[in-house]
Amino acid sequence: MSDTNELKAKKHTAARGYPGIDLEKAIELARLLYERERRQPTPVEVVIEQHWGMSSTSSTARLSLAALKKFGLLESEGAEVHLTDRALDVLNPNPDDPKRSQEALRAAALDPPLHRELWEKHRGKTEQSISWYLDRQRNFSPAAIKEALRNYQRSLAFAGLSGDDINRSPEADPDSQESQRTAIGLPDSPVGIGGHQYHASGLGAIAYGSTYGAPPPDQGGAPPIVLTLPTTQGKAVEIRFPFRVSKREFDRLRTMFELSEPAFVDEDA
């Protein structure tokens, strides 16, 4: 999909009453804001550029900001925004009332209008049935249907809501970890490749200072950390860290990577 078409699909998504990112990603962005500002009203540009590391003029930033509002995690005050009570219930739960945090998370997952509609009127129907409804009755584009269903399903799962909202078996879910492991034949035990030892981690393998079949580069000091991920196309992608980072920085980088999905995904593949 071209950048122009992708942007059109994103605009379509934002205009239809459902978030352009799922709840887990929204919570991660809220956490980044909470760690730096707590609940203090903060200029939007500061939130986007300094706390989230995005460009304030990017479509990703606008969609992310809108998504937090749709989930009821963020409120606006003029040119400033601040976290809501719901966000604080999730990010800083009351130890004397542990159920409150889960209730807040579930309320957030169902706050976007489309999420509420699918939950109340279409729960238990097949994915094909819901896709037909979004296409014929709501005039969604194919890209918007795919994104809306993905974010809906992921948000419900993250909130711990019933998984029977859409009937789809694990075998039919190409995004499931089990399906991808089967497709690429990744072993669960350490494996030697190119004279180097790899240890399974999720769907990939972590190697210190090496890639598939390549010796560690001589950079002096500690070697880089390379995460090599096999794909179903028989190729591999790499994520390289020249040094270790803090947990806070890792969480921020992970969120930024997930929000960059359109730059890496070929919708037609």
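Let us look at the structure shown here. Starting from 1, residues in each chain are numbered consecutively following that chain's sequence as written. Thresholds applied to this predicted model are a pLDDT of at least 70 for local features of residues and 80 or more for the giving and counting of side-chain atom pairs; totals over whole chains, interfaces and linings are not thresholded and use all residues. With hydrogens and water set aside, each side-chain value is computed from the structure's full complement of heavy atoms.

Some thoughts on the overall build of the protein
Helix and strand definitions here come from DSSP, where helices need a minimum of 4 consecutive H or I residues and strands a minimum of 2 consecutive E residues; each element is numbered from the N-terminal end. Secondary structure summary: the protein contains twelve helices and ten strands in total. Out of the 269 residues belonging to the protein, those deemed buried represent 38%. Contacts are assigned to residue pairs with any non-hydrogen atoms lying within 4.5 Å of each other. Put simply, 54% of the contacts in the protein that link residues at least 6 apart link residues at least 24 apart. Of the roughly 14900 Å² that the protein leaves accessible, carbon and sulfur atoms contribute 49%. Relative accessible area decides the class of each residue, using a 1.4 Å probe on protein chains only: under 20% of the type maximum gives buried, over 50% gives exposed, and in between gives partly exposed. Method for areas: the Shrake-Rupley scheme with a 1.4 Å probe, in which residue coverage is limited to the protein chains shown.

A look at the sheet that holds strand E1 (residues 42-43)
Adjacent strands of a sheet pair through backbone hydrogen bonds, lying either parallel or antiparallel. Paired strands, as defined in this entry, are two strands with at least two bridges between them according to DSSP. Taken in spatial order, the three strands of this open sheet run E1-E3-E2, and their pairing is antiparallel. Whereas interior strands pair on both sides, the edge strands pair on one side only; in this sheet they are E1 and strand E2 (74-77). Two elements, E2 and strand E3 (residues 80-83), share four bridges in a ladder whose sense is antiparallel. Note on E3: the bridge partner recorded for Leu74 is Leu83. For helices, the fitted axis covers only the stretch in contact; all axes are lines through C-alpha atoms, and the angles between them, taken along N-to-C directions, range from 0 to 180 degrees. Against the sheet, helix H2 (residues 23-37) touches E1, E2 and E3, its axis set at about 100 degrees to E3.

Observations concerning the packing of H2 against helix H9 (residues 142-159)
For the pair H2 and H9, interaxial distance at closest approach is 7 Å and the crossing angle is 65 degrees. Taken together, H2 and H9 sit at an angle that is classed as roughly perpendicular. Residues Leu23, Glu24, Lys25 and Ile27 of H2 lie in contact with H9, whose contacting residues are Arg154, Ser155, Phe158 and Ala159. Amino acids are sorted into nonpolar (Ala, Val, Leu, Ile, Met, Phe, Trp, Tyr, Cys and Pro), charged (Asp, Glu, Lys and Arg) and polar (every other residue, Gly among them). Counted by class, the contact of H2 with H9 contains four nonpolar, one polar and three charged residues. Under this scheme an angle from 65 to 115 degrees is roughly perpendicular, one under 35 degrees roughly parallel, and one over 145 degrees roughly antiparallel; angles in between are oblique.

A word on the pairing of E3
Across two bridges, the pairing between E1 and E3 is antiparallel. In the sheet register, Pro43 faces E3, and the bridge partner there is Glu80. Linking E2 to E3, which pair antiparallel, is a turn of two residues; within it Gly78 sits at a positive phi near 65 degrees.

A short note on unusual backbone geometry
Phi is positive for Arg38, which is not a glycine, with a value near 55 degrees. Structurally, Arg38 can be placed in the loop between H2 and E1. For Arg38, a relative accessible area of 46% gives the class partly exposed. In this model, Asn139 sits at a positive phi of 60 degrees, which is unusual for a non-glycine residue. When you line up the elements, Asn139 lands in the loop between helix H8 (127-136) and H9. Taking relative accessible area as the criterion, Asn139 reaches 55% and is therefore assigned exposed.

Focus: the pattern of salt bridges
Salt bridge, as used here, is a side-chain nitrogen of Lys or Arg placed within 4 Å of a carboxyl oxygen of Asp or Glu. Summed over all chains, the structure comprises nine salt bridges. One salt bridge connects Arg248 with Glu35, and the closest N-O pair in it is separated by 3.3 Å. Of this pair, Arg248 sits in helix H11 (residues 247-259) while Glu35 sits in helix H2, and the two are 213 residues apart along the sequence. Note on Glu35: relative accessible area 28%, which makes it partly exposed. Put simply, Asp89 and Arg100 hold a salt bridge, and the shortest N to O gap is 3.1 Å. Here the residue Asp89 occupies a position in helix H5 (residues 85-91), and Arg100 occupies one in helix H6 (residues 98-109), the gap between them amounting to eleven residues. Residue Asp89 is classed as buried on the basis of its relative accessible area, which comes to 19%. The structure contains a network of salt bridges with shared partners spanning Glu35, Arg36 and Arg248.

Some points on a nonpolar patch on the surface
Taken together, the side chains of Phe257, Phe264 and Val265 define a hydrophobic patch exposed on the protein surface, amounting to about 320 Å² of accessible area. Mapped onto the elements of the fold, Phe264 is located in helix H12 (residues 261-264). Patches in this entry comprise residues that are over 30% relatively accessible and not in a salt bridge; like charges within 9 Å are linked, as are nonpolar side chains (Val, Leu, Ile, Met, Phe, Trp, Tyr) within 5 Å.

Some details on the packing of aromatic side chains
Stacked, edge-to-face and tilted are the three classes for Phe, Tyr and Trp ring pairs, Trp counted by its six-membered ring, which pair at centre distances within 6.5 Å; planes under 30 degrees apart are stacked, over 60 edge-to-face, the rest tilted. Applying the stated criterion to the full structure yields two aromatic pairs. Looking at Arg38, its charged tip hangs above the ring of Tyr34, at a distance of 4.3 Å from the centre. The lysine or arginine in question, Arg123, covers the ring of Trp119, its NZ or CZ lying 3.8 Å from the ring centre. Whether a charge sits over a ring comes down to the Lys NZ or Arg CZ being within 6 Å of the ring centre and within 35 degrees of the ring normal.

Some thoughts on the packing of helix H7 (residues 113-121) against H9
Two elements in contact, H7 and H9, have axes separated by 11 Å at closest approach and are oriented at 75 degrees. Considered as vectors, H7 and H9 are oriented roughly perpendicular to each other. Between H7 and H9, the contacting residues are Leu114, His115, Leu118 and Trp119 on the first element and Ala148, Leu149, Asn151, Tyr152, Ser155 and Leu156 on the second. Grouping the constituent residues of the contact of H7 with H9 by class yields seven nonpolar, three polar and no charged.

A few points about the nonpolar core
Core analysis: the biggest nonpolar cluster contains 49 residues, and Leu23, Leu29, Trp52, Leu68, Leu73 and Leu83 have the highest contact counts within it. A per-element tally of this core places H2 first, with eight residues. Once residues lying within four places of it in the same chain are set aside, the contact partners of Leu23 are Phe71, Leu73, Leu105, Ala108, Ala109, Ser155, Phe158 and Ala159. We define a nonpolar core as any set of buried Ala, Val, Leu, Ile, Met, Phe, Trp, Tyr and Cys residues linked to one another through side-chain atoms lying within 4.5 Å.

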